[in-house]
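Here is how the chains run, residue by residue.
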Amino acid sequence: MFSLVLWSKLIRFRRFVFNRDLMPSDMPICQETICHSVLGKLGVLNTQFWTSYCFDPYVNCGFNCVYCHTAAQKYDGSKEFLAPIYARTNAPKVLKRELSKFKRKGTLRLSLNTDPYQPAEKKFKITRQLLEVLKDNEWPFAIGTKSDLVLRDLDLIVQASQKAWSCIGITITTLDEKLAKLLEPDAPSPKRRLEAVRRLSNEGITVGVWLIPLMPYVNDTDQNMANVIKAATENGAKFVLTGMLDMRGSYRFKRFLAEHYKQIAPRYEFLYKGKPTAPSCGNMEESYLYDRYSKFISLCQKYKVPNYIPHFYSRKQALLFYIHNFSHFEGTPIFELTQPLNFLFPSKEILQAVQIRYGKRKLGKSALKVLGAFPK
Ligand code: SF4
């Protein structure tokens, strides 16, 4: 075991030394690396797409968003993605091997911490190769991205979708091009992302818009939410979802606030209750949270687009996903498999979510009582 680890480290080091200049000079240095598994262990139930396997074709990301908590966590937010991007070039081979053996079928999400269609994908085409393997094996998949590079693989996505369940989420935090440039300096413009939504939708792909993250006092206004939701529906999005800004390791975001939103920076301390290390909105000021989520839901209802809020992260809390997507995401194998489990263990947060979603009156007092009777 020890020698295996040592061997993989040696290979990494060799690639580090010899492959430093794989990208054009205006892009972050990209190095090839290897992965040992794509599917890994079954059991990561991700509530954004309801996926059971997650894999990042790239380590780190070239889009350089100021709110990126992946970078913040890894580098304490103090570096501007100067850390190299690693391309897991052997991933398609590994996936092929894994799928040839027995694996319990479950949706593979090709994006967990980084963007699978970031600039490096133009050169390495790892995401495309993975899609080819998934298509050949009729395996369900989901993709989350900020890039219209996803259109390069439209043909493949269409073919794969005809064989297995698939879903694509395009992140759009604002339609304001100036603000987008500040928040996501190296990502394609919101206009290009909307165009991607439109073209994917026209091809019959299940595509939605992620209004994520909602950043208090930056893009959380009624107007901004309405603009994004309206544009999403006009361009054929099948769902819209949102979630709050994750303030873990928020060095870069705090610096962004200090530079561009000086007056609101102190309000963050109150909203996040002075605990910027807690995940996402887990410790956020509740009245703010409910107010914004309720507004989001009412706007989605106004524009007649399905919505959900994946702001609860444990397996137990994943019932939220069902509540919001019951009719839209059926057919995912893992969906049916785990459904009874979640109904058996609803948590306090789920009950709150039910109330936000349906309102006490609509759900009915007796239904709430029954849900409340389950163990927390
Ligand atoms: S696209 Fe996602 S992973 Fe990449 S920098 Fe932006 S937030 Fe981070």
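### Topic: unusual backbone geometry
Residue P213 follows I212 across a cis peptide bond; omega there is 0°. Among the structural elements, P213 can be located in strand β8 (residues 207–214). Positive phi, close to 65°, is recorded for Y217, a residue that is not glycine. One can find Y217 in the loop between β8 and α9 (222–234).

### Some points on helix α6 (residues 154–163)
Looking only at α6, the buried set comprises L154, L156, I157, V158 and A160. Buried residues along α6 sit in contact with α5 (126–136), β6 (141–145), β7 (166–171) and α8 (190–202).

### Here we look at the sheet that holds strand β4 (residues 85–88)
Strand order in this open sheet of three strands is β1-β4-β3, and the pairing throughout is mixed. Single-partner strands in this sheet number two, and they are β1 (30–33) and β3 (58–59). Pairing geometry for β3 and β4, over two bridges, is antiparallel. Among the inter-strand pairings, Y58 is bridged to a residue of β4, identified as A87.

### A word on the packing of helix α3 (residues 91–100) against α5
The axes of two packed helices give the description: the angle between them and the distance between them. The contact between α3 and α5 brings their axes to 9 Å, and the two run at 15°. In terms of orientation, α3 lies roughly parallel with respect to α5. Between α3 and α5 the crossing geometry is right-handed. Across from A91, P92, L95, K96 and L99 in α3, the residues of α5 making contact are I126, Q129, L130, V133 and L134.

Analysis parameters
Residues numbered from 1 in each chain as written. Predicted model: local features only at pLDDT ≥ 70, side-chain atom pairs only at ≥ 80, totals over all residues. Heavy atoms only, no water. Helix = DSSP H or I, 4+ residues; strand = E, 2+ residues; numbered from the N terminus. Buried < 20%, exposed > 50% of the residue type's maximum accessible area, 1.4 Å probe, protein only. Contact = heavy atoms within 4.5 Å. Pairing = 2+ DSSP bridges. Axes fitted to C-alpha atoms, helices over the stretch in contact; angles between N-to-C directions. Parallel < 35°, antiparallel > 145°, perpendicular 65-115°, else oblique. Left-handed = near helix turned anticlockwise from the far one by under 90°.

Purely geometric stuff here, so don't read any function into it on its own.
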